[in-house]
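Geometric and topological summary
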Amino acid sequence: QVQLVESGGGLVQAGGSLRLSCAASGIIFRLNAMGWYRQAPGKQRELVALITRGGNTHYADSVKGRFTISRDNAENTADLLMNSLNPEDTAVYSCNAAQDGRICWGQGTQVTVSS
């Protein structure tokens, strides 16, 4: 079983930046894709960014050019650097990771962007 713990959320003013971190622990053989998702109040959860084990990335159109996902395979971590934040980025951000055909989720961290 893989456990994921997110950190780095908080309150920031519009235009500011935050870095979210996701740390995996537990029984880890080989984490494949890792991703960051977000869910705003009253909305469905949506993919924000995804990174494969080899470093290929995919971003939602709404965050391209502002957010950067990265990972450290040796440390089993995935970070999300968020720049130029705006109030529409306010949401609970969760990370997930795939291993051996199973998807694991963290509990999430709140990001609030004030105008």
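You'll find the structure just up there.
Description of the overall build of the chain
Secondary structure assignment for the chain yields 0 helices and 11 strands. Going residue by residue from the N terminus, the α and β elements of the chain occur as β-β-β-β-β-β-β-β-β-β-β. For the chain, the spread of C-alpha atoms along the three principal axes comes to 45 × 25 × 25 Å. When contacts within the chain are restricted to residue pairs at least 6 apart in sequence, long-range pairs at least 24 apart make up 53% of them. With the model as given, the accessible surface of the chain reaches about 6,200 Å², and the carbon-plus-sulfur share is 47%. Averaged over its 10 positive side-chain charges, the chain has a centre that lies 4 Å from the centre of its 9 negative ones.

Notes on the state of the cysteines
For the coordinates displayed, the defined rule picks out 1 disulfide. In this model, cysteine 22 is linked to cysteine 95 through a disulfide, with the two sulfur atoms separated by 2.0 Å. Its torsion about the S-S bond being 55°, the disulfide of cysteine 22 and cysteine 95 is classed as right-handed. With cysteine 22 in strand β3 (residues 18-26) and cysteine 95 in strand β9 (residues 91-99), this residue pair connects regions lying 73 residues apart in the sequence. Accessibility classification places cysteine 22 together with cysteine 95 in one group, the buried group.

Remarks on the packing of aromatic side chains
Under the definition given, this model contains 1 aromatic pair. Arranged with centres 4.9 Å apart and planes meeting at 65°, the rings of tyrosine 37 and tryptophan 105 form a pair that is edge-to-face. Of the two residues, tyrosine 37 is situated in strand β4 (residues 34-39) and tryptophan 105 in strand β10 (residues 102-105); the sequence distance between them amounts to 68 residues. Exposure remark for tyrosine 37: the relative accessible area of 18% places this residue in the buried category. Here arginine 45 stacks its cationic end above the ring of tryptophan 105, 3.8 Å away from the centre of that ring.

Cut-off values and rules
Residues numbered from 1 in each chain as written. Predicted model: local features only at pLDDT ≥ 70, side-chain atom pairs only at ≥ 80, totals over all residues. Heavy atoms only, no water. Helix = DSSP H or I, 4+ residues; strand = E, 2+ residues; numbered from the N terminus. Contact = heavy atoms within 4.5 Å. Areas by Shrake-Rupley, 256 points an atom, 1.4 Å probe, with all protein chains shown as cover. Lys, Arg positive; Asp, Glu negative; His and termini not counted. Charge placed at Lys NZ, Arg CZ, Asp CG, Glu CD. Disulfide = S-S within 2.5 Å. Buried < 20%, exposed > 50% of the residue type's maximum accessible area, 1.4 Å probe, protein only. Phe/Tyr/Trp six-rings, centres within 6.5 Å; stacked < 30°, edge-to-face > 60°. Lys NZ or Arg CZ within 6 Å of the ring centre and 35° of its normal.

That is the geometry; function is a separate question.
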